[in-house]
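Descriptive analysis of the structure
This is what each chain is made of:
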Amino acid sequence: MAQNILDFFAKRHSFYMLNDNIPFSYEDISHWVEENLKLYPSPFNSQSARLILLSGENHKKLWDITLQKLLPLTNDTKVQALKNKMTQFAQAYGTVLFYIDTKVVQSLKDKFPLYASNFDNWSYQANAILQFMIWTTLANHSIGANLQHYNPVIDADVQKAFDVPSDWVLVAQMPFGGIVSTPEAHAVEDIKKSLVIK
């Protein structure tokens, strides 16, 4: 009997305490990411999502860039907390950078003008689905991850550091690695407030 898909979803949490100790290779991780890219749904099968998979020194470089960009914007009383947070992320195994290729989105707007106002939103929705899929895939291999959004503060520096095409827009950053500690389960709002059944 196939495992209930909800069991797979239930393993996905925001794990913040991570290290670089995972029982898988970089090739394993990249293979899973590639498979997710083949499977995620997108409007008109546009496949506008783009990913950069960072590990090793490139992964650490990302979080140093983020720290340096945020320090001038941070209240003095919160500098140490910021440094601690960036160190946490840097200690993980790697990071997935999620992008949207704006050339693809613009081509859809040109081809389907009736829906032009929707394509930006739809591309973000598709990207979010891909984020969830990769996050769930990692979780079900006992790899922790969390999702960060330091864009647009870091965009230009990250683009330069990793030779990112100018048409790609950064959407999210997902550090991942070995699980050091498991957070408490998050509270769930009364479902009756969120679900209407008629």
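So, here's what we can say about the structure.

Basis of the calculations
Numbering of residues begins from 1 in every chain and follows the order in which that chain's sequence is written. Totals for whole chains, interfaces and linings use all residues, but because this is a predicted model, local features are given only for residues with pLDDT of at least 70 and pairs of side-chain atoms are given and counted only at 80 or more. Values reported for side chains reflect all heavy atoms of the structure, with hydrogen atoms and water molecules removed beforehand. Salt bridge, as applied in this entry: a Lys or Arg side-chain nitrogen positioned within 4 Å of an Asp or Glu carboxyl oxygen. Helix and strand definitions here come from DSSP, where helices need a minimum of 4 consecutive H or I residues and strands a minimum of 2 consecutive E residues; each element is numbered from the N-terminal end. Relative accessibility thresholds used throughout: buried, under 20% of the residue-type maximum; exposed, over 50%; partly exposed, between the two (1.4 Å probe, protein chains only). Note on method: axes are straight lines fitted to C-alpha atoms, helices fitted across the in-contact stretch only, with angles between N-to-C directions ranging 0 to 180 degrees. Every angle not falling under 35 degrees, over 145, or within 65 to 115 is termed oblique; those three ranges are roughly parallel, roughly antiparallel and roughly perpendicular. Whether a crossing is left-handed or right-handed is set by the direction in which the near helix is turned from the far one by less than a right angle, anticlockwise for left-handed and clockwise for right-handed. Contact between two residues is taken to exist if any of their heavy atoms lie within 4.5 Å; hydrogens are not considered. As a working rule, the residues Ala, Val, Leu, Ile, Met, Phe, Trp, Tyr, Cys and Pro are called nonpolar, Asp, Glu, Lys and Arg charged, and the rest polar, with Gly in that last group. Put simply, a nonpolar core is a bunch of buried Ala, Val, Leu, Ile, Met, Phe, Trp, Tyr and Cys residues held in one set by side-chain atoms that sit within 4.5 Å of each other.

Quick notes on the pattern of salt bridges
- The final tally for this structure, using the stated rule, is four salt bridges.
- The closest approach of N and O atoms between Glu35 and Lys38, which form a salt bridge, is 2.9 Å. Here Glu35 pairs with Lys38, and both are found in helix H2 (residues 26-39), just three residues apart, close to one helical turn.
- Classification of Glu35 by relative accessible area gives partly exposed; the value is 28%.
- In this structure, the salt-bridge partner of Asp120 is Lys109, at a minimum N-O distance of 2.8 Å. Of this pair, Asp120 sits in helix H6 (residues 119-139) while Lys109 is found in helix H5 (residues 102-111), placing the two residues 11 residues apart along the sequence.

Considerations on the packing of helix H3 (residues 56-70) against helix H4 (residues 79-90)
- Here H3 crosses H4 at 165°, and the two axes come no closer than 9 Å. Classified by the interaxial angle, the pair formed by H3 and H4 is roughly antiparallel. Both H3 and H4 take part in a crossing whose hand is right-handed. Between H3 and H4, the residues in contact are His59, Lys60, Trp63, Thr66, Leu67 and Leu70 and Leu82, Lys83, Met86, Phe89 and Ala90, respectively.
- When the residues that make up the contact of H3 with H4 are grouped by side-chain class, the tally is seven nonpolar, two polar and two charged.

Describing the nonpolar core
- Membership of the largest hydrophobic core comes to 27 residues, with the highest contact counts inside it found for Ile29, Phe98, Ile134, Leu138, Met174 and Phe176.
- Those elements that provide at least two residues to this core are H2, strand S2 (49-55), strand S3 (94-101), H5, H6 and strand S5 (168-179).
- In terms of residue count, H6 provides more of this core than any other element does, seven residues in total.
- Membership of the second largest hydrophobic core comes to 19 residues, among which are Leu62, Trp63, Ala90 and Phe162.

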